[in-house]
Amino acid sequence: MKPRFVLLMLICSIVLTAGASSALAADWGVGGGVAVVPDYIGSDDYEAAPVPFFTVDFDNHMDVKVVGGRIQSNLVPHPIWRAGVAGEYIKKRDDDVDNKRVGRLDEVDGSFHLGPWVGFEYKKWHGRVETMWDIADGNDGQLTRVAGGWGTPFAQTMKIGLEGFAGFGDGDFMSSYFGVTGTESRKSGLDDYDADAGIYEVGLNAHYAWAFTPSWRLHVIGGISQLVGDADDDSPVVDQGS
C-alpha cells in the first residue's frame, strides 16, 4: 500500500478591522496558492491545482475559513468549544485521467459535501468530528471525519501544527470511488469489486505559518494519507493508480 501525498503553499494578506469602534472586530485574511494533488482518489499521478485562501477570525472566537476546496465555520462564541458547518469539494473523476482503464469507469461528478461539525480548542490542543452529505449529486454519499492535533507558535513570527485524522465513507461514497460494477468491469477490464462502508483513510497533516511582514503570511501545508479498508490496494481502482 502506497501513501498519498498532498502539498499546499499559500501566501495571504491580513487586513485588520477597527477594534474598539467595531461592533464585532475581526482579522481578515485573503490570498491564494497552488496544490499538488492526485488526479483522482487513489491515484499516484499528480497535478497542480489552484488554492483559494480566505479567513475571518472574530474577536469572540467565531471564525470562517476557506482553504482550497474546504470551508469551515465556527458559530459558537466560546473560548474552548467549537461547532458550526463544514463543507468540502471533491472534483469529478472522468475519462480525463492518466490511467486509461480507470478512465473507462462511469464518471463520478464533482461532489460538495456539507454538514455539521463539533470540536474544541484548549491551549495547544484541538479536536473535531464532522459529518457531511453530498448535496451536488456527485457521489450521493456521506463522509465522516475525526481529527485531532497540536499547534504552537515559536520565534514570535512563526507557528507550526500537526493533525492526525481518519475518514469514514458510507456505501455510496465508497462504491463511487473504489468500487467496480459488472458493467464497468466489462468496459474497463478491471475486476468486479464491492466497496462497503467503513474507514477508508488515515493520515497526518503538518502546517507551517510564517508572518514575514506585519501584513503578509506564508503558509506551507503538507499531508500524507493512507487508504485502508475496502479502499486499499484490494480495490482495482486504487491498484491501477499505484
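The coordinates are above.
Residues numbered from 1 in each chain as written. Predicted model: local features only at pLDDT ≥ 70, side-chain atom pairs only at ≥ 80, totals over all residues. Heavy atoms only, no water.

Caption draft 1: Seen up close, the pattern of salt bridges. For the structure on display, the rule yields twelve salt bridges. Among the ionic pairs, Arg70 bridges to Glu88, the shortest N-O distance being 3.4 Å. One end of the pair, Arg70, is in strand 5 (residues 70–74); the other, Glu88, is in strand 6 (residues 81–90), with 18 residues separating them in the sequence. Each member of the pair, Arg70 as well as Glu88, carries the same accessibility label: buried. (Salt bridge = Lys/Arg side-chain N within 4 Å of Asp/Glu carboxyl O. Helix = DSSP H or I, 4+ residues; strand = E, 2+ residues; numbered from the N terminus. Buried < 20%, exposed > 50% of the residue type's maximum accessible area, 1.4 Å probe, protein only.)

Caption draft 2: Representation of the packing of aromatic side chains within the structure. What the rule picks out here adds up to five aromatic pairs. Ring centres 5.0 Å apart and planes at 50° place the aromatic pair Phe173 and Tyr200 in the tilted group. Of this pair, Phe173 sits in helix 2 (residues 171–178) while Tyr200 is found in strand 11 (residues 198–210), placing the two residues 27 residues apart along the sequence. Counting every residue linked through ring pairs, the aromatic cluster contains Phe173, Tyr177, Phe178 and Tyr200. (Phe/Tyr/Trp six-rings, centres within 6.5 Å; stacked < 30°, edge-to-face > 60°.)

Caption draft 3: Spotlight on the side chain of Asp94. Assignment of secondary structure puts Asp94 in the loop between strand 6 and helix 1 (100–103). We classify Asp94 as buried; its relative accessible area is 14%. Side-chain polar atoms of Asp94 contact the side chain of Lys92, separated by 3.4 Å. Polar side-chain contacts of Asp94 include one of 2.9 Å to the backbone nitrogen of Asp96. Residues in contact with Asp94, not counting those within four places in the same chain, are Gly103 and Glu107. (Polar contact = N/O pair within 3.5 Å; in protein donor to acceptor, adjacent residues only side chain to side chain. Contact = heavy atoms within 4.5 Å.)

Caption draft 4: Expanded view of the pairing of strand 12 (residues 216–227). For strand 11 and strand 12, the ladder comprises ten bridges, and the chain directions are antiparallel. In the sheet register, Leu204 faces strand 12, and the bridge partner there is Ile224. Joining the antiparallel neighbours strand 11 and strand 12 is a turn of five residues. (Pairing = 2+ DSSP bridges.)

Caption draft 5: Representation of the environment of Trp210 in the model. By secondary structure assignment, the location of Trp210 is in strand 11. Trp210 sits in the partly exposed class, given a relative accessible area of 32%. Spatially, the C-alpha atoms of Trp210 and Phe154 are 9.7 Å apart, while their sequence positions differ by 56 residues. Sequence-distant contacts of Trp210, defined by excluding residues within four places in its chain, comprise Thr157, Met158, Trp216, Arg217 and Leu218.

Caption draft 6: Looking closely at unusual backbone geometry. If you check the backbone angles, His61 has positive phi at about 85° while not being a glycine. In this fold, His61 is placed in the loop between strand 3 (46–58) and strand 4 (63–67). Despite not being glycine, Asp137 has its phi angle at roughly 55°, a positive value.

Caption draft 7: Highlighting a negative patch on the surface. A contiguous patch of negative charge on the surface is contributed by Asp45, Asp95, Asp96, Asp98, Glu107, Asp109, Asp137, Asp140 and Asp172. Counting through the fold element by element, Asp45 comes out in the loop between strand 2 (26–38) and strand 3. (Patch = residues over 30% accessible without salt bridge, like charges linked within 9 Å, V, L, I, M, F, W, Y side chains within 5 Å. Areas by Shrake-Rupley, 256 points an atom, 1.4 Å probe, with all protein chains shown as cover. Lys, Arg positive; Asp, Glu negative; His and termini not counted. Charge placed at Lys NZ, Arg CZ, Asp CG, Glu CD.)

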